[in-house]
Amino acid sequence: MSVLALSGGIGGAKLAAGLCRVLPPGELTVVANTGDDFEHLGLSISPDIDTLLYTLAGIDNADHGWGRREETWTFMGALETLGGETWFKLGDGDLATHVERTRRLAAGEPLSRITDDFRRRLGIPAQLVPMTDDRVRTRLRTEAGWLDFQDYFVRRRSSPVVREIVYAGAAEARASREFLAALADHTLSRIVICPSNPFLSIDPILSLPGVREALRCTQAPVVAVSPIIGGQAVKGPTAKIMTELGLPVSPAAVARRYADFLDIYVADEADADEVADLAVPVRLTRTLMLTPEDRQTLATAVLAAPGRGL
Ligand code: FO1
């Protein structure tokens, strides 16, 4: 009953947490996008890994969606006084993650080993693996020129118009060993594409050599959950980017991007008409996750959804 889930930050992490609750320990492997990673203040920061760590450990900041709950901000206040860069908010507890990760990376330890140690120390029963241990960086060509991800997403609040998105380094990168092992696992019963931003969180993972091919060839059904509900993204710039790239802001447009490997598409009941004529089998359910129960209910629906030939 082993399950592999591909996830970015906030939205995907909520479903990953639901899957973690409904599956037996050790049966879930979550692959994290690392295209958002960057070096800042001399620290190696992996936001989607950290959002997944905190959410799966139940210590996430529910208001922000990122960072830790009950956070204090002494470091940021002191940094401000010294004239340091404060546009990317680092809480005192969160800072420990970045400082310790940076130390261990500098000592030559791979990101996947560090991540596995952190998740065990946080009591997370699922395997959490970076999509790669190599350097891949999401960059966006906008009206303000080429931007690194966090500059676009946080510093400029996703406001520049996006013309093109690239995943620098992806062609030379290798999917992480644990990721490839999970894809090749014959006991794999389902692969879940979590409701993360297709362009900023899922496509970086799919851009790694061999990943898309493996999703096409796997015997495990591949299920994706729509990140769009009622023509809107639950959070973040998904809808804005779709419009700027000339795509209709609809669950169907997202499903079509995954058409070459998708077996089942899970969309919100509000979008029944939008997905009526999709070639791939569709399962309609409530996909908005406001409570831990919602996360578990959606996870159960995702694991049970019948697809092509099932
Ligand atoms: N997102 C923001 O909008 N503002 C921030 O100040 C911010 C700080 C931050 C610190 C650590 C971390 O792991 C994530 C953080 N994020 C922040 C979210 C980050 O931009 C992620 O890339 C998004 O969650 C998209 O996946």
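Residues numbered from 1 in each chain as written. Predicted model: local features only at pLDDT ≥ 70, side-chain atom pairs only at ≥ 80, totals over all residues. Heavy atoms only, no water.

J.: I'd like a rundown of the side chain of N197, residues and numbers included.
T.: Along the polypeptide, N197 turns up in the loop between β9 (188-193) and α8 (198-206). Those residues in contact with N197 that lie beyond four places of it in its chain are I202, P237, T238 and I241. (Helix = DSSP H or I, 4+ residues; strand = E, 2+ residues; numbered from the N terminus. Contact = heavy atoms within 4.5 Å.)

J.: Requested: an account of the environment of E293, with residues and values cited.
T.: Secondary-structure assignment places E293 in helix α12 (residues 292-304). When the C-alpha positions of E293 and L245 are compared, they lie 35 Å apart, and in sequence the two are 48 residues distant.

J.: Quick one: what's the story with the packing of helix α2 (residues 47-56) against helix α4 (residues 92-106), residue by residue and with numbers?
T.: Taken N-terminus to C-terminus, the directions of α2 and α4 make an angle of 125°; their axes are 12 Å apart at the nearest point. In terms of axis orientation, α2 runs oblique to α4. Here the hand of the crossing between α2 and α4 comes out right-handed. Packed against α2, whose contacting residues are I49, D50, L53 and Y54, the element α4 presents D94, T97, H98 and R101 at the interface. (Axes fitted to C-alpha atoms, helices over the stretch in contact; angles between N-to-C directions. Parallel < 35°, antiparallel > 145°, perpendicular 65-115°, else oblique. Left-handed = near helix turned anticlockwise from the far one by under 90°.)

J.: So what's going on with helix α7 (residues 177-184)? Residues and values would help.
T.: Burial in α7 covers these residues: E178, F179, A182 and L183. One side of α7 holds all its buried residues, which, seen down the axis, span an arc of 140°. (Buried < 20%, exposed > 50% of the residue type's maximum accessible area, 1.4 Å probe, protein only. Arc of directions from axis to C-beta.)

J.: Tell me about the site of the ligand, and please be specific about residues and values.
T.: In the neighbourhood of the ligand, 13 residues make up the surrounding shell, with D36, D48, K89, Q150 and V154 lying closest. D36 is positioned with one of its side-chain polar atoms (N or O) 2.9 Å from an oxygen atom of the ligand. Burial of the ligand by the protein chains amounts to 90% of its free accessible area of 520 Å². At four residues, the largest contribution of residues to the shell around the ligand is made by helix α6 (residues 149-155). Partitioned by chemical class, the residues of the shell around the ligand number seven nonpolar, one polar and five charged. (Near = heavy atom within 4 Å. Polar contact = N/O pair within 3.5 Å; in protein donor to acceptor, adjacent residues only side chain to side chain. Areas by Shrake-Rupley, 256 points an atom, 1.4 Å probe, with all protein chains shown as cover. Nonpolar A, V, L, I, M, F, W, Y, C, P; charged D, E, K, R; others polar.)

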